[in-house]
Amino acid sequence: MEKCTCGTTVQGGTYCCCNCGLQIDVKEGDTLPPCPRCTNQTFVKETAENQETYAEKRREYEKNN
Ligand SMILES: [Zn+2]
């Protein structure tokens, strides 16, 4: 899965933080912000295949923080 770095212009959709799994909704042509929760700078576009992986990451992060 291709990673997107904050500051790049992306396709619209839901992106998940690679570190904490936080979901952010981005409109077509917007630039990705750094993660508002953990300041990580890489995201992956959420898909049917990876959404459970990132849901698990969110639960882990929320448990530990
Ligand atoms: Zn994050």
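Residues numbered from 1 in each chain as written. Predicted model: local features only at pLDDT ≥ 70, side-chain atom pairs only at ≥ 80, totals over all residues.

Caption draft 1: Highlighting the overall build of the protein chain. Counting its secondary structure elements, the protein chain contains 1 helix and 4 strands. From first element to last, N terminus to C terminus, the protein chain shows the α and β order β-β-β-β-α. Structurally, the protein chain occupies a C-alpha span of about 35 × 25 × 15 Å along its principal axes. Buried positions account for 14% of the 65 residues belonging to the protein chain. (Helix = DSSP H or I, 4+ residues; strand = E, 2+ residues; numbered from the N terminus. Buried ≥ 20, exposed ≤ 12 C-beta atoms within 10 Å, placed from the backbone.)

Caption draft 2: Quick look at the sheet that holds strand 2 (residues 13-17). Strand order in the open sheet made by the 4 strands is 1-4-2-3, with antiparallel pairing throughout. One side of each edge strand has no neighbouring strand; the edge strands of this open sheet are strand 1 (3-5) and strand 3 (23-26). Neighbour-to-neighbour, the strand axes of the sheet open up by a mean angle of 40 degrees, direction not taken into account. In the sheet, strand 2 pairs with strand 4 (residues 42-45) via 3 bridges, with the strands oriented antiparallel. (Pairing = 2+ DSSP bridges. Axes fitted to C-alpha atoms, helices over the stretch in contact; angles between N-to-C directions.)

Caption draft 3: Region of the structure containing the pairing of strand 3. Sheet topology places strand 2 next to strand 3; 4 bridges connect them, and they run antiparallel. Paired with cysteine 16 across the bridge in strand 3 is glutamine 23. In sequence, strand 2 turns back onto strand 3 through a hairpin of 5 residues, with glycine 21 there showing a positive phi of about 80 degrees.

Caption draft 4: Region of interest: helix 1 (residues 51-64). Counted at 1.5 Å a residue, the expected span for helix 1 with its 14 residues is 20 Å, and the 20 Å between its end C-alpha atoms agrees. Among the 14 residues of helix 1, 1 are classified as buried, and the element is accordingly described as predominantly exposed. (Expected span 1.5 Å × (residues − 1).)

Caption draft 5: Structural view of the environment of asparagine 40. Relative to the assigned elements, asparagine 40 resides in the loop between strand 3 and strand 4. Discounting chain neighbours no more than four positions away, the residues touching asparagine 40 are Cys17, Cys18, Asn19, Cys20 and Cys35. (Contact = placed C-beta atoms within 7 Å.)

Caption draft 6: How the structure looks around the nonpolar core. Counting residues in each nonpolar core, the largest one holds 7 residues, listed as Cys4, Tyr15, Cys16, Cys17, Cys35, Phe43 and Tyr54. When residues of this core are assigned to their parent elements, the largest contribution, 3 residues, is made by strand 2. Once you skip the residues sitting within four places of it in the chain, cysteine 17 turns out to touch Leu22, Cys35, Cys38, Asn40 and Phe43. (Core = buried A, V, L, I, M, F, W, Y, C linked by C-beta atoms within 7 Å.)

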